[in-house]
Amino acid sequence: MKKFSILLALAALALAGCNGGNQENSGNPPTAQNGGSGNSPPAKDFTITVIAKSTTNPVFQYALAGAKAAAADLGPKNHTHIQIDWETPANEDGQVQAQNIDQAVDRHVDAILISCSDAAKVTGSINKAVDAGVPVMTFDSDAPDSKRFAFYGVDDEAAGAEVMDELAKQVKGLTNVAILSGNPNAPNLKKRVDGATTEAAKYPNIKLLAQPFYLEHETPDDASQVVTNAMSAHPEIQAWAMIGGWPLFAKSLLTELPSRHVKVVSVDALPAELAYVDAGIAPVLLAQPCYKWGYASVGIIVDHVLNKKEVPVINPMPLVPVTKANLGDWARTLKSWGADVDPKYLAMK
């Protein structure tokens, strides 16, 4: 028995030697020492400050939704917790935007994404941010003379030209056309006005009013009032080339424009504006996929800043013509962004 016990002890020692610390076979979880999956480092934080033009303009709410969706999609893929820091003024103010850039740098954010209300007022702060090690990207409205690393948005001169070209197709004979713009200091809107004005000269039947109409406040009520006042002062107006769709977010012009037999072509095609397409008042709206301002821009920032990839400086966003023929498809696209869309448009083929 004594000899048998000794043999058992020797066998146990031999078995332990064969398994020597093999945790995979021992049933114990992997540890940091063996580099198992339990050793994954915690996701790092990465904060992007987004500064749009104003919270009152609905297009930027969709940009915010897109930015948040991109953060949720791309964060886990890059083992990063991407946070969207929304620092947009209630109303357009380039000076406030500049202050928000400065404050974001003081908070040591990882990147800044901005739509510039006034390039002259924000360029200095953009450059200081970049010099401090915070990369800056622009969307919608650029600051081309700044140190921003990239821009995402439409070609604004081409957009203005496209508005006028579509309007020329919709009107018959000699037509008095007014141009509506927003903030006169916004660089993107200036370029759209230039594009529309240049394109109008190509059409002998288009007669432009001497000066565009501008908005002090880019809100639906203010914009529709500007249009109504302009048509009272200039009853000769027969069509509007709107390089931003601010008045069409309000319902008041649904009765005002048809009573004067006035046609509209405009940039933007958000839910409230679809009624103007349906009624035939705006035969064509040129939609900006503004959700992509956020989604695509966050993707570009992740590629450039996190993954150290080369990205194009100019990243164009084509406009999407919306007519009665594709109204249903566009309504469903808006719905996919989280928009509240009239069910009758969603039901259209």
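Q: Can you help me understand the nonpolar core in this one?
A: Across soluble globular proteins, nonpolar side chains have a tendency to be buried as a group. Membership of the largest hydrophobic core comes to 93 residues, with the highest contact counts inside it found for Ile48, Trp240 and Leu257. With 9 residues, the single largest contributor to this core is helix 3 (residues 58-77). Ile51, Ile101, Ile112 and Ala129 belong to the second largest nonpolar core, which has 16 residues in total.

Q: Quick question: what am I supposed to make of the packing of aromatic side chains here?
A: Taken as a whole and assessed by the stated rule, the structure comprises 8 aromatic pairs. Ring centres of Phe60 and Trp293 lie 5.6 Å apart, and the angle between their planes is 25°; on these two criteria the pair is classed as stacked. Taken together, the residues Phe60 in helix 3 and Trp293 in helix 11 (residues 291-306) connect sequence positions 233 residues apart. Side by side, Phe60 and Trp293 carry an identical accessibility label, which is buried. We classify Trp293 as buried; its relative accessible area is 1%. An aromatic cluster of three or more residues is present, and its members are Tyr62, Tyr291, Tyr295, Trp330 and Trp337.

Q: Just to check I follow, could you spell out the layout of surface pockets for this structure?
A: Any space left empty among the atoms is revealed by the rolling of a water-sized probe across them. What the largest pocket holds in volume is close to 170 Å³. In terms of lining residues, the largest pocket is bounded by Ser141, Asp142, Phe151, Gly153, Val154, Asp155, Asp156, Pro187, Asn188, Lys191, Ile314 and Pro316. If you list the elements that add at least two residues to the lining of the largest pocket, you get strand 5 (150-153), helix 7 (187-200) and strand 11 (314-316). Element by element, the count of residues in the lining of the largest pocket is highest for helix 7, at 3 residues. Per-class residue counts for the lining of the largest pocket are 5 nonpolar, 3 polar and 4 charged.

Q: Just to check I follow, could you spell out empty space enclosed by the protein for this structure?
A: With the rule as written, the count across this model stands at 1 cavity of 30 Å³ or more. When its volume is computed, the largest cavity comes out at roughly 100 Å³. Of all the secondary structure elements, the ones that give two or more residues to the lining of the largest cavity are helix 3 and helix 7. Ranked by residues supplied to the lining of the largest cavity, first place goes to helix 7 with 3 residues. Considering only residue class, the lining of the largest cavity consists of 6 nonpolar, 4 polar and 5 charged.

What counts, and where the lines are drawn
Residues numbered from 1 in each chain as written. Predicted model: local features only at pLDDT ≥ 70, side-chain atom pairs only at ≥ 80, totals over all residues. Heavy atoms only, no water. Core = buried A, V, L, I, M, F, W, Y, C linked by side-chain atoms within 4.5 Å. Buried < 20%, exposed > 50% of the residue type's maximum accessible area, 1.4 Å probe, protein only. Helix = DSSP H or I, 4+ residues; strand = E, 2+ residues; numbered from the N terminus. Phe/Tyr/Trp six-rings, centres within 6.5 Å; stacked < 30°, edge-to-face > 60°. 1 Å grid on protein atoms, 1.4 Å probe; cavity = no way out; pocket = protein on both sides within 12 Å on 5 of 7 lines; lining within 4 Å. Points joined across faces, edges and corners; volume = space filled by probe spheres on them. Nonpolar A, V, L, I, M, F, W, Y, C, P; charged D, E, K, R; others polar.

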